[in-house]
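Notes for the structure review
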Amino acid sequence: MNTLSSFDTPQLQLLHRGKVRDSLRAPSGDRLIVVTDRLSAFDSVLETAIPHKGAVLNGLADFWFAKTAHIIPNHVLKLVDANAMLVKEAQPIKVEMVVRQYLTGSMWRGYQAGQRTFSGVTVPDGLTQNQAFPQAILTPTTKEESDREITPENLVSEGWVSKELYDQMGEKSLALFALGSQLLAEKGIILVDTKYEFGLLDDQLILIDEMHTPDSSRFWAADDYAANPLTATQMDKEYVRQWLIANKKDGQYPRALTPEVAQEASRRYLDIYQRITGQALPTAETAEAGAPDSDRQDARARLVANLVQAGIMKDA
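Residues numbered from 1 in each chain as written. Predicted model: local features only at pLDDT ≥ 70, side-chain atom pairs only at ≥ 80, totals over all residues. Heavy atoms only, no water.

1. Here's the deal with the UniProt feature "domain: SAICAR synthetase/ADE2 N-terminal" (unreviewed entry) in the protein chain
UniProt records the feature "domain: SAICAR synthetase/ADE2 N-terminal" (unreviewed entry) for residues 15–250 in the present numbering. Between the C-alpha atoms that bound residues 15–250 the distance is 36 Å, and the span itself is 29% helix and 32% strand. (UniProt positions renumbered as here; feature names shortened; annotations may be inferred. Helix = DSSP H or I, 4+ residues; strand = E, 2+ residues; numbered from the N terminus.)

What follows is the structure, encoded as C-alpha cells:
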C-alpha cells in the first residue's frame, strides 16, 4: 500500500522522531512537522502503517486550529503538504491535558478494577460504561516515555508547570472542548474525550501538536449512542485498540495488524475526516496512484515535490 512510514532527508536536520510525527528544522529556523502513517497504541508503535492516516491527522489539525484561533493562538504557519505542516518553534509543556465527557476507554477499565480517583478527580460508585459525566472533567497526564496520571497539585509540586500556567491550560482546554463538542454535535458526532498539548512562545501560551483528531480524541456516532450507549460506532483508533486487546497472547499485544484490520482502520480515518470537514480527503481520491494529475502519487515523492515548491528543500 502507498504509505508514508517515516521521513528524513540529508538536506534538513532531524530534530525528533515521535510515535507518529517526524520533526525537522526548516531553513527559516521554523519546525517542519511531517505526520506519518505510523500508528501507536498502548505506548508502542505498530509495524503496520495505515494508508492516508497521516494526511487525515494533518488535515484535521489544520481545520481545528483555524476554527479555534480566537480561543488561543496556535503554532501553525502553513500547510505545505497533505502530510506536512510548517510551525513556529515553541517550548513544549510536558503535560497532556485530557478532557473527558464520558466514562469509557482506559478510564472505564480502571473504574472496573475499582479505581475511583483519576488525576485527582473522584467519581462516584454505580456508574456504567460509556455513561456521560454531568460536566467535562480534566484528567491530566505527564508526557513521558510512558504517560502517567497526575494531579494538578503534583504537576505544580514536581515542577512541570506553575499553578497559574496550569489554571490557564485548564481554562483553555475546557473552552476548546466545549467548542469542539458543539461543532461536532451539529454533524451528528459526539466528542467523547480528547487531549490538548500546549507550548510557550515568547512567554505566551499557545496550542501545539494536534487537536480533535482520531488519534487524540474519541468520537461516537450520536444516533448510535442514543440507541444503545454500549454499541455506539467508534470513529477513531479505539477500533484498533480493541482488536489488539482481543488478540493479546501471553500478555503481549500483536506488533502488526492484519491487512483487513489496516484497511478498515484506514476507512474509518477517511470517514471521520469527511464527516468533520464536509469533503473527501484529496489524497484519497479513486484515481490510480501515480496517475497524471492524481493526488495519489507516491506519498514521499509528493511530499518532496511540495517541500521543494515551498522552498524548504532543494530539487536534488
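Resuming the write-up.
2. Considerations on the packing of helix H1 (residues 53–68) against helix H7 (residues 259–277)
Where H1 contacts H7, the two axes come as close as 9 Å, and the packing angle between them is 20°. With respect to H7, the element H1 is oriented roughly parallel. Classified by chirality, the crossing of H7 by H1 is left-handed. Contacts between H1 and H7 involve Lys53, Val56, Leu57, Gly59, Leu60, Phe63 and Trp64 from the former and Tyr269, Leu270, Tyr273, Ile276 and Thr277 from the latter. Considered class by class, the residues forming the contact of H1 with H7 number nine nonpolar, two polar and one charged. (Axes fitted to C-alpha atoms, helices over the stretch in contact; angles between N-to-C directions. Parallel < 35°, antiparallel > 145°, perpendicular 65-115°, else oblique. Left-handed = near helix turned anticlockwise from the far one by under 90°. Contact = heavy atoms within 4.5 Å. Nonpolar A, V, L, I, M, F, W, Y, C, P; charged D, E, K, R; others polar.)

3. A closer look at the layout of surface pockets
Quantified by volume, the second largest pocket comes out at close to 220 Å³. Gly59, Leu79, Tyr273, Leu281 and Pro282 are, among the 16 residues lining the second largest pocket, the residues nearest its centre. When contributions to the lining of the second largest pocket are tallied by element, the ones reaching two or more residues are H1, strand S6 (76–81), H7 and helix H8 (299–309). Here the element with the most residues in the lining of the second largest pocket is H1; it accounts for four residues. In terms of residue class, the lining of the second largest pocket is made up of seven nonpolar, five polar and four charged. (1 Å grid on protein atoms, 1.4 Å probe; cavity = no way out; pocket = protein on both sides within 12 Å on 5 of 7 lines; lining within 4 Å. Points joined across faces, edges and corners; volume = space filled by probe spheres on them.)

4. Regarding H7
Taking 1.5 Å of rise per residue, 19 residues should cover 27 Å, and H7 covers 27 Å from first to last C-alpha, within 8% of that figure. Considered for burial, the residues of H7 that qualify are Val261, Ala262, Ala265, Ser266, Arg268, Tyr269, Ile272, Tyr273, Ile276 and Thr277. The buried residues of H7 occupy an angular sector of 160° when the element is viewed end-on, so they sit on one face. Among the exposed residues of H7, those pointing more than 90 degrees away from its buried face are Pro259, Glu260 and Gln263. Residues of H7 that are buried sit in contact with H1, helix H4 (163–185), strand S13 (189–201), strand S15 (217–221) and helix H6 (238–246). Phi for glycine 278, located one or two positions after H7, is positive at around 85°. (Expected span 1.5 Å × (residues − 1). Buried < 20%, exposed > 50% of the residue type's maximum accessible area, 1.4 Å probe, protein only. Arc of directions from axis to C-beta.)

5. Points about the sheet that holds S6
Hydrogen bonds between backbone groups are what pair the strands of a sheet, and the pairing can be parallel or antiparallel. Pairing is antiparallel across the open sheet formed by five strands, whose spatial order is S1-S2-S3-S7-S6. Among the strands making up the open sheet, the edge pair consists of strand S1 (13–17) and S6. Pairwise comparison of adjacent strand axes, ignoring direction, gives a mean angle of 25° for this sheet. Relative to S6, H1 is tilted by about 150°, and along the sheet it contacts strand S2 (21–25), strand S3 (31–35), S6 and strand S7 (84–87). Across the face of the sheet, H8 comes into contact with S3, S6 and S7 while running at roughly 130° to S6. (Pairing = 2+ DSSP bridges.)

6. So, empty space enclosed by the protein
Applying the stated rule across the entire model yields two cavities of 30 Å³ or more. The computed volume of the second largest cavity comes to approximately 40 Å³. Taken together, Arg21, Ile33, Val35, Leu57, Asn58, Ala61, Met85 and Asp209 make up the full set of residues lining the second largest cavity. With three residues, the top contributor of residues to the lining of the second largest cavity is H1. Along the lines of polarity and charge, the residues of the lining of the second largest cavity split into five nonpolar, one polar and two charged.

7. Some remarks on the side chain of serine 216
You can see serine 216 is positioned in the loop between strand S14 (204–208) and S15. Dropping the residues within four chain positions of it, serine 216 is found in contact with Asp193, Thr194, Lys195, Glu210 and Met211.

8. Let's talk about the nonpolar core
By size, the foremost hydrophobic cluster in this structure holds 58 residues, and its most contacted members are Met169, Tyr196, Phe198 and Ile276. Here the element with the most residues in this core is H1; it accounts for eight residues. In this structure, tyrosine 196 is in contact with Val95, Glu96, Met97, Val99, Ser173, Leu176, Phe177, Leu207, Met211 and His212, ignoring residues within four places of it in sequence. By size, the runner-up hydrophobic cluster in this structure holds 15 residues, among which are Leu12, Ala26, Leu32 and Leu307. (Core = buried A, V, L, I, M, F, W, Y, C linked by side-chain atoms within 4.5 Å.)

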